[in-house]
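Okay, here's what each chain looks like letter by letter:
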Amino acid sequence: MNKPIILEAVSVSKFYKDGQVKALNNLSLQVYSGEILAIRGPSGSGKSTLLHLLGGLDSPTNGTVLFNGKPIQKICRKKGFRVKNMGFVFQAFYLWQNLNVLENVMLPLMEINLSRKEKVLRAVEIIGEVGLLDRSRASVKNLSMGQRQRVAIARALVASPSIIFADEPTGSLDSKNAENVMQLLRRVNQQRHVTVVMVTHENIPTEYYDRQVHVLDGKICT
Amino acid sequence: MRSGLTILGVGISIAAFVSLRGLTDNLEKSLQSTYKSRGSDLVVMEKSTLDLFASSIDQSYVTSLRRIPHVKQSTPVLFYFYAVKFKQYCLLYGWEPGSYLFDGFKIAGSPLQNDHDALVGAVAAKRLNMLQGDKIKIRGEEFRICGIFQSINILEESGIILPLSTLQKIKNTPGKITAINLRLDCSDSLKMSLEQRQDISKQVQDTINNEFSDLEVKDVQDFVSTPFSVVFSFTWAISMVVFIIVVMGIINTMSTAVLERRKEIGILLAIGWRKYRIVTLVLLEAAMYGFFGGIIGIILGCVMTRSLITAPAVQGFISMTPDSAFVIKSLLLSIFVGVLAGIYPAVKAVSIEPIEVLRYE
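Scoring rules and cut-offs
The residue numbers shown here count from 1 along each chain, following its written sequence. In the order they appear in the text, chains get letters beginning with A and ligands get numbers beginning with 1. With the structure being a predicted model, the display of local features is reserved for residues of pLDDT at least 70 and the display and counting of side-chain atom pairs for 80 or more, all residues being used for whole-chain, interface and lining totals. For helices the rule is a DSSP run of H or I covering at least 4 residues; for strands it is a run of E covering at least 2, with both sets numbered from the N terminus onward. Contact between two residues is assigned whenever their backbone-derived C-beta positions fall within 7 Å. Residue polarity follows a fixed list, in which Ala, Val, Leu, Ile, Met, Phe, Trp, Tyr, Cys and Pro are nonpolar, Asp, Glu, Lys and Arg are charged, and the others, Gly among them, are polar. A strand pair is defined by DSSP finding two or more bridges across the two strands. Lines fitted to C-alpha atoms define the axes here, with helix axes fitted over just the stretch in contact, and angles between the N-to-C directions of these axes take values from 0 to 180 degrees. Each residue carries a pLDDT score, the predictor's own confidence in it, on a scale running from 0 to 100. Three exposure classes are used. Buried residues have 20 or more other C-beta atoms within 10 Å of their own C-beta, exposed residues have 12 or fewer, and partly exposed residues fall in between, all C-beta atoms being placed from the backbone.

### Considerations on the overall build of chain B
- Per the secondary structure count, chain B includes eleven helices and twelve strands.
- If you take every contact in chain B between residues at least 6 apart in sequence, the share linking residues at least 24 apart comes to 83%.

Right under this line is the structure:
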């Protein structure tokens, strides 16, 4: 692969309970800029832990994670770094139930120095991109599961990050909505050149990812 | 529901503060204006007495004090709380007929001329349902109401003025007075600056303190009677308890809210919100409790104060003067207390680790 490495896990381990539980064991992985990487594996294999380490949400017990060659734990402390560079999509969406679609999508923009008008314009543009423009003022409580995940994707994209981490993005959806979400991720990947790191235990059609790795017992076994 | 109850709780606490402070502040103002409105600059009373009304000094000091440089006039006063009718207490003032204290008085009728003449304040006359020419019995002696007077001061207007010697007699304290009011030669001098007047007042106070070891002198500008200062301290202590209740209420509500929103806060931190923004959010919410509770409290407090000042026990002693500065101060205090109470929940909020939330979920 000739693409530059955007994210790299170098010999990372993650132990819990004083080392009794080894979630990840001396694992190394490169993520290339602009690709969709599917991290697959059964429940409890350590794939979500790996995603959290790659996203800088957790620190490895051993090893290091580099973002564009720099230790992620260090640069994540910089003001606005996470918002501007990373987007997160979760299986359970994690939307604010008492806010509407537009307000939910605008949440990351609170950390960016823009006027309210610019924030609204940016959020509206991305809501249009995920096909929910007509529901922008609707409460997220009134949306279907598929629509909620599209709101979560819009929220992840609104600050134009270079990479999106998706933890079981289709895990709560039926097959039709799951396919719509995969299509959406592929579309934003191609149109916005966003790198996508996706964790899933489901079989997904090959056209929706560029590369896949299998995690089993805290190690990559591909 | 919980937020509403918290706001109501804050409101009731602030109402208690507003009514307590409102009453004592107005009482303090009434006391101060009693002296200011009569043109006195200094008040001399017995040293180290707890209560102005317990002060008892010899009347002969009036002449001694008049000899001090810059003292233009000195006049004795005798105070006596007395229930003229059942539970209808009045402050009886013993003044010397012709004293400068009568300057500027509006009297409907005639001034004090005989030993058994009484001047009744307009508020007292209304409360006691008395008119000029009526008779009034005080400690078994009958007095003729020679006039009804008006004053800018509610405490005066709710009192009865008797000739000093008569009040001394019926109180069985001949030759004794409560205090001496002094008017200085600089008090109405337009040529002098405030600093010059304060210097002269200081000189006179120093002279009295040095020469009369059993007397205590106070400037009317900061004169607060000792018993009332005890009341004021007491109300401050109650206010402190009230604020502790407010703080605990908000801490409880906000901590529960933070606990309930643990997931949401964790997600906000995960998507890149900085901790200071979470802190701001929590403190803003706490400040809102303070703000809305403060508004409710001020309205409730004003209603409570208005009801209290019409109670028979205090009627006529305290006036309700609208004070926008006090309202603003109370509201700001309420917001400040809200923010203060928000600190602990805010610290709890930022101690949430997004990874813990995600792992748990």
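### What about the interface of chain A and chain B?
- Facing 14 residues of chain A, the contacting portion of chain B comprises 13 residues.
- Looking at the side of chain A that touches chain B residue by residue, the class counts come to nine nonpolar, one polar and four charged.

### Comments concerning the sheet that holds strand S3 (residues 36-40) of chain A
Residues and elements named next belong to chain A.
- In spatial order, the strands read S6-S7-S8-S3-S9-S10; together these six strands make up an open sheet with mixed pairing. Looking at which strands have only one partner, the edges of the open sheet turn out to be strand S6 (86-90) and strand S10 (219-220).
- Contacting S3, strand S7 (163-167) and strand S8 (195-200), helix H7 (residues 175-192) runs over the sheet at an angle of about 140° to S3.

### Some thoughts on the confidence of the model for chain A
- Looking at chain A as a whole, its pLDDT mean stands at 91, while 99% of the residues score no less than 70.
- Highest mean pLDDT in chain A belongs to helix H4 (residues 101-106) of chain A (96); lowest belongs to helix H2 (residues 72-75) of chain A (89).

### Brief notes about the environment of B:Thr207
Residue and element names in this part refer to chain B.
- As for its position among the elements, threonine 207 is in helix H6 (residues 194-211).
- Accessibility expressed as a C-beta count within 10 Å gives 16 for threonine 207, which makes it partly exposed.
- Along the primary structure threonine 207 and valine 217 are separated by ten residues, whereas in three dimensions their C-alpha atoms are 10.0 Å apart.

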